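Letter by letter, the chains look like this.
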Number of protein chains: 4
Amino acid sequence: MIIVVKNACEKSQYDNLVEWIKDLGLDVHVSRGETSTVLGLVGDTSRVDIDLISSLDIVEQVKRVQEPYKNANRKFNPTDTIVNVGGRKIGGNFFQVVAGPCSVESEEQIIAVANAVKASGATMLRGGAFKPRTSPYAFQGLKGTGIELLIKAKKETGLPIVTELLNINDIDLFNEVDVIQIGARNMQNFELLKEVGKTGKPILLKRGLANTLQELLMSAEYIMAEGNNQVILCERGIRTFETMTRNTLDLSAVPALKDKTHLPIIIDPSHSTGIAKYVSPMSLASVGSGADGLIIEVHNDPKKAWCDGAQSLNPAQFDELMGKIKLMLPIVGKNFDGE
Amino acid sequence: MIIVVKNACEKSQYDNLVEWIKDLGLDVHVSRGETSTVLGLVGDTSRVDIDLISSLDIVEQVKRVQEPYKNANRKFNPTDTIVNVGGRKIGGNFFQVVAGPCSVESEEQIIAVANAVKASGATMLRGGAFKPRTSPYAFQGLKGTGIELLIKAKKETGLPIVTELLNINDIDLFNEVDVIQIGARNMQNFELLKEVGKTGKPILLKRGLANTLQELLMSAEYIMAEGNNQVILCERGIRTFETMTRNTLDLSAVPALKDKTHLPIIIDPSHSTGIAKYVSPMSLASVGSGADGLIIEVHNDPKKAWCDGAQSLNPAQFDELMGKIKLMLPIVGKNFDGE
Amino acid sequence: MIIVVKNACEKSQYDNLVEWIKDLGLDVHVSRGETSTVLGLVGDTSRVDIDLISSLDIVEQVKRVQEPYKNANRKFNPTDTIVNVGGRKIGGNFFQVVAGPCSVESEEQIIAVANAVKASGATMLRGGAFKPRTSPYAFQGLKGTGIELLIKAKKETGLPIVTELLNINDIDLFNEVDVIQIGARNMQNFELLKEVGKTGKPILLKRGLANTLQELLMSAEYIMAEGNNQVILCERGIRTFETMTRNTLDLSAVPALKDKTHLPIIIDPSHSTGIAKYVSPMSLASVGSGADGLIIEVHNDPKKAWCDGAQSLNPAQFDELMGKIKLMLPIVGKNFDGE
Amino acid sequence: MIIVVKNACEKSQYDNLVEWIKDLGLDVHVSRGETSTVLGLVGDTSRVDIDLISSLDIVEQVKRVQEPYKNANRKFNPTDTIVNVGGRKIGGNFFQVVAGPCSVESEEQIIAVANAVKASGATMLRGGAFKPRTSPYAFQGLKGTGIELLIKAKKETGLPIVTELLNINDIDLFNEVDVIQIGARNMQNFELLKEVGKTGKPILLKRGLANTLQELLMSAEYIMAEGNNQVILCERGIRTFETMTRNTLDLSAVPALKDKTHLPIIIDPSHSTGIAKYVSPMSLASVGSGADGLIIEVHNDPKKAWCDGAQSLNPAQFDELMGKIKLMLPIVGKNFDGE
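One structure accompanies this document, and this report is about it. Nothing here was measured: the structure is a model prediction, and the numbers come from that model.

Parameters at a glance
Residues numbered from 1 in each chain as written. Chains lettered and ligands numbered in written order. Predicted model: local features only at pLDDT ≥ 70, side-chain atom pairs only at ≥ 80, totals over all residues. Heavy atoms only, no water. Salt bridge = Lys/Arg side-chain N within 4 Å of Asp/Glu carboxyl O. Helix = DSSP H or I, 4+ residues; strand = E, 2+ residues; numbered from the N terminus. Buried < 20%, exposed > 50% of the residue type's maximum accessible area, 1.4 Å probe, protein only. Least-squares fit on C-alpha atoms with pLDDT ≥ 70 in both. Contact = heavy atoms within 4.5 Å. Buried area = accessible area lost by both parts, 1.4 Å probe. Nonpolar A, V, L, I, M, F, W, Y, C, P; charged D, E, K, R; others polar. Lys, Arg positive; Asp, Glu negative; His and termini not counted. Polar contact = N/O pair within 3.5 Å; in protein donor to acceptor, adjacent residues only side chain to side chain. Pairing = 2+ DSSP bridges. Expected span 1.5 Å × (residues − 1).

## A short note on the pattern of salt bridges
Under the counting rule described, the total for this entry stands at 61 salt bridges over all chains. As a salt-bridge pair, Glu-215 of chain B and Arg-239 of chain A come within 2.6 Å of each other at their nearest N and O atoms. On the criterion of chain membership, the pair formed by Glu-215 of chain B in helix α6 (residues 213-224) and Arg-239 of chain A in the loop between β12 (231-235) and α7 (253-260) is interchain, its members lying in two chains. Grouping residues by exposure puts Glu-215 of chain B and Arg-239 of chain A together as buried. A salt bridge links Lys-277 of chain A to Asp-259 of chain C; its shortest N-O distance comes to 3.2 Å. Here Lys-277 of chain A, found in helix α9 (residues 276-289), pairs with Asp-259 of chain C, found in helix α7 (residues 253-260), and the two come from separate chains. What makes Lys-277 of chain A exposed here is its relative accessible area of 52%. Beyond isolated ion pairs, a larger network of salt bridges with shared partners links Arg-207, Glu-235 and Asp-250 of chain A together with Glu-242 of chain C.

Structure, rendered in structure tokens:
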């Protein structure tokens, strides 16, 4: 960490600052310039409060040299983490596709979709049981019953299941869930992060709509600080001024995260674009970017034939997409194997 | 709600859509144009899922005419809500100033700050006991002990207290707290919103960093849907590309919210700018904008004399600011009275 | 265009509005609801000032059904435009790669880079002669001399050349330039757009840092309104809160633009990410997204060996990338042919 | 400027970098840490290309200590610049209000508005003659005729006039214009900035929709580098995700800019909010923030009575606002005097 101190400050203030840093167990290297002095802090600075220091009158600027995350940091763990989900491996050279409906609606529905996506090559099943909704008047999911239906679909197809947890008091319902999803709105619900950290289960951590990649890694660090390093990061679009898509899918996050962390990164092209016909091109773009997997909405409800335009693909569209993904994976050095 | 349907769609799809809308108990007015047809939905559309309809193949656009919030909507409740916090009124012509330290650190500290801000005219005391921190390694607050110290300061000074709740399982500790704060990161933690809705206490609801004003009103609606209409909205800066301030304080939110809702709106100039010397001008700007109050960080720790530049004002700076606020309030038709 | 009028308005205001619309040569369909009335405007609404109408007291909302652009609109021109640049075709199934240095520095440099990128399969040469720089003290390019050096490189290699125009008074220097680039900062320099519209040359129009896709199409419309439909759109990253990359490359722009316009779209992965090691993954992602081409910075200056980390690839990195692009193109149904 | 170099780099690369810095006439202070080395650059670093250095393989981070602007920098010119516009002073303790219609429409209109705003206390007249419009099909202003009408209104009322220049080739038409406005879309049209820098006239420089405050100061620097220090900065809203106002007025820009520069700063509450009823509260907020003036749209067209809701105030609304501004100015230590 580097602190730039104004030379115009009072000596007592300067001495207080240096003493306080040393009290934190850090060494200080001083480099005095014409109008300012640079303090180089050497040691473990991950616990130093950068906001506090930035706010001091005598400080011009503070800049971290070390990142504030350790467990998630590739510098300290250069080898790719490969998360094992019921035998499916994700990370390193292993690429997985999670597919399924937005919400679990009925046994018939979830089993039909599970069979369909499995036939096309999906390797995990997703489905919402607890749904975070902007409006208190909107459908909030089948809750516990939804989890039970997912478990039935898992037994039927063998696909591991991925579903979202909203309330720490519901965690016991997730014992047979393979991957617990933390949604974008809860990325900084630190109480929830600590709780899922204690489970030891694979966690799918979605980036918040307005969170930086560094904040995403800090939230992963919350989970890992509880001893759980089975974290899968997920980019699902950020909020910008553009309105032609629901959110702006930030695919550069893939190489940027790969640079900073050893954790696997998957992409959600369905929620980010919000438009079904953009899901296939953005899925292929994700493969090109070096992502470790995809999480895609697929629905299968013949009664809602008029609903074909949703952000969900139908099974035929998903099947066609999977064909292209399989052709593209070898070019980027990835494969589905891992069972 | 207006739905624009492509004329090129199949008749069966169109009929399905119209029938489905009627099943929701709504009337449909049809206006057929050259290349598209406009459906006007008449009735209570607040429960209609706009995302679902937008996603239909045959739909070009959907546009709400009615807002999706009811309890918070000024149309249905034209009179300003005046929230009563232990005798202090906020909203309408009543303006209040909440002041206090970022974190409660010790009995000595919180009581000293409480006495200081009261002397300058602050009408409520703030202080963090449970602190949401980006890093799992940072200080997370004195928790239950912090709440107890706030209650002591309340007894000492008579100032009502405002403090943040993070975990629904801690709610019993907040019985003697006058205003429960929901922080920016939890604005869409719907489980927490439902829980504080049940308390009937005044709730200070902070806007999330990347949340629209409409989403803020939808989160207020979650609290109000539980029967609690004692909601104080708080603008505290949004995330933009600008880096010279920590966040971008969106003061236009004040007249915009006043237009849409009857709930009181206060401003947090400390967290939004992150820089103490910007707090006073932005406080006066807030008064000019028509806000119903301010929540300002004030600290008083002689041992950290070098910390004067923080986002916190010291008591002397706060006192000077309060003097100007008192001069300015009559120009905008507001006053502190209300006890 | 749909206008929602409050029923509470005065009749004279309402009548004034309807009369004014009819004076514009449009038909008005009226659909009266409980609290508001919907006016459906039928006819050519591309010249109606939506801002003016939105601002009327009696108007709740205005919503375009038709887009405000005509020449660029796929609805009116469903077939992909294929721009012909000295025999190279771009658009439809044709994919091209423009490569070259950020700035033209010397004859030796530009010819060496041109030969190198041609050997790897690049089909056009880029290089900056007039450089827009944030600082008035930074190097602003070789200007006219730079253009001459590009023309020499074109003669040497046969590659068509692409370079940026900043000042309408410099346009005569661009006679032998094959593609005139309008940079991101000038996307809404409407005087410049009109001027390049008159040239009839292919124009590479870069999206502004904070411009929506609709604004990009409106700027294309400026060029096309002068009779020049040889417009190539370019996504080069937008400004967001994320700082780990220089800008946020908005790849969803590709399917979104393909949906709305027949014009070709290319991607600039160099300026958007600002980091050389992210250029290759984002180039492959661009191919996956369905883009019609890439514009990539490649440099070759042995004297600045320490500069290898720039946003520019070196020739070896570019060659490796081109190998992967060639493998990937058939999967998305594209090819380089077209001479 | 501080450069953090990885210790893992090759010695030759490191030596190349240090040598290159010294060639720029700068001293280098070296502070070697465990995993990285900090280079402190001493001397005039305003011409050093930070992007180039950031991009080097061996560089972890670069951070400016000195700002890249000199003429606009308060450090080098601590005293407030007071711009003199035909006898009206702006900056320091002097506050001015520029008012007038969006577009000049006719002699009758501009003279009527000029007389009205003068009667209420406005001290300068604004009006658009050249209008930058998103659509090529929208009205682009009366151009030269509009300038002539403004000059007539100036003769009639004595109010100095402010109007926008779009095309460097029109500059001769602006001889009798008192303040040349550079609009938001042209903030980084560097050719135009250089040209108005040469005029020596007061320049009103509007912040671009997606430009940082530092970029605004760099654009001011372009004008000042030509010898013209009569620059008035203008905040007019930035582009964010919020849609309830047209743009997000960034009022914290006022104290932030006051901190960094000696130039005066005014606020445009009309374009930023886009809604007339928000203009008055945001004007008072601007006064509170410490701004040096306002630029407000006022119209007066009895034929368009239905247009009252526009972003423009009518003369009565403007008059009421001016009354409140006059009451508020003494509280922030400002006044209108200066003729």
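## Some thoughts on the relation of the copies chain A and chain C
For the pair chain A and chain C, the superposition axis carries a translation of 0.0 Å, the fit reaches an RMSD of 0.0 Å, and the rotation angle comes to 180 degrees. Seen this way, the second copy is the image of the first under a two-fold rotation axis. Identified as the residue of chain A closest to the rotation axis by C-alpha distance is Ala-285 of chain A, at 1.9 Å.

## Some details on the interface of chain A and chain B
Opposite the 46 residues of chain A that make contact, chain B presents 45 residues. Across the chain A/chain B interface, buried area totals approximately 4,500 Å², and carbon plus sulfur atoms make up 55% of it. Counting the contacts that link chain A with chain B gives 2 salt bridges. Where the side of chain A that touches chain B is concerned, the elements lending two or more residues are α1 (11-23), α5 (190-199) and α6 (213-224) of chain A. Looking at the side of chain A that touches chain B element by element, the count peaks at 4 residues for α6 of chain A. Residues of the side of chain A that touches chain B, tallied by class, amount to 18 nonpolar, 17 polar and 11 charged.

## Observations regarding the side chain of Glu-221 of chain B
Tracing the sequence through the fold places Glu-221 of chain B in helix α6. The buried charged residue Glu-221 of chain B lacks any salt bridge, with Lys-70 of chain B as its nearest oppositely charged partner at 7.5 Å. When residues no more than four places from it in sequence are discounted, the contact partners of Glu-221 of chain B are Pro-136 and Tyr-137 of chain A together with Tyr-69, Lys-70, Asn-71 and Ala-72 of chain B.

## Remarks on the interface of chain A and chain C
On the chain C side, the residues contacting the 37 residues of chain A number 37 residues. The contact between chain A and chain C buries some 3,100 Å² in all, and 73% of this surface belongs to carbon and sulfur atoms. Its largest share of buried area at the contact with chain C, chain A owes to Phe-241, Met-244 and Ile-331 of chain A, together 22% of the area lost on that side. Taken together, the links from chain A to chain C amount to 4 salt bridges. The partner of Arg-207 of chain C in a salt bridge is Glu-242 of chain A, with the nearest N and O atoms 2.8 Å apart. Here chain A is connected to chain C by 8 residue pairs in polar contact (both at pLDDT 80 or more). Looking at the side of chain A that touches chain C, the elements with two or more residues in it are α6, α7, α9 and α10 (315-328) of chain A.

## Regarding the side chain of Thr-261 of chain B
Residues and elements named next belong to chain B. Mapped onto the elements, Thr-261 comes out in the loop between α7 (253-260) and β13 (265-267). At 3.3 Å, the side chain of Thr-261 forms a polar contact with the backbone nitrogen of Leu-263. Once residues within four sequence positions are removed from consideration, Thr-261 is found in contact with Ala-72, Arg-74, Leu-217 and Leu-233.

## Some thoughts on the pairing of strand β11 (residues 203-206) of chain D
Within a regular beta strand, the side chains point alternately toward one face of the sheet and then the other, so they alternate between its two faces. Residues and elements named next belong to chain D. With burial as the criterion, each face of β11 is covered, one bearing Ile-203 and Leu-205 and the other bearing Leu-204 and Lys-206. Where strand β10 (residues 179-182) lies against β11, 3 bridges are found, and the strand directions are parallel. Pairing of Ile-182 across the sheet is with Leu-205, part of β11. Two strands pair when backbone bridges link them, and β11 and strand β12 (residues 231-235) are joined in this way by 4 bridges, in the parallel orientation. Within the sheet, the bridge partner assigned to Leu-205 lies in β12 and is Leu-233.

## A look at helix α4 (residues 144-157) of chain A
All names here are of chain A. Helix length check: α4, at 14 residues, gives a terminal C-alpha distance of 20 Å against a target of 20 Å (1.5 Å per residue), a fit within 8%. Taken residue by residue, α4 has Gly-144, Gly-146, Ile-147, Leu-149, Leu-150, Ile-151, Ala-153 and Thr-157 as its buried positions. Buried residues belonging to α4 abut α3 (107-120), β8 (124-126) and β9 (161-164). Looking one or two residues beyond α4, the residue adopting positive phi is Gly-158, at roughly 80 degrees.

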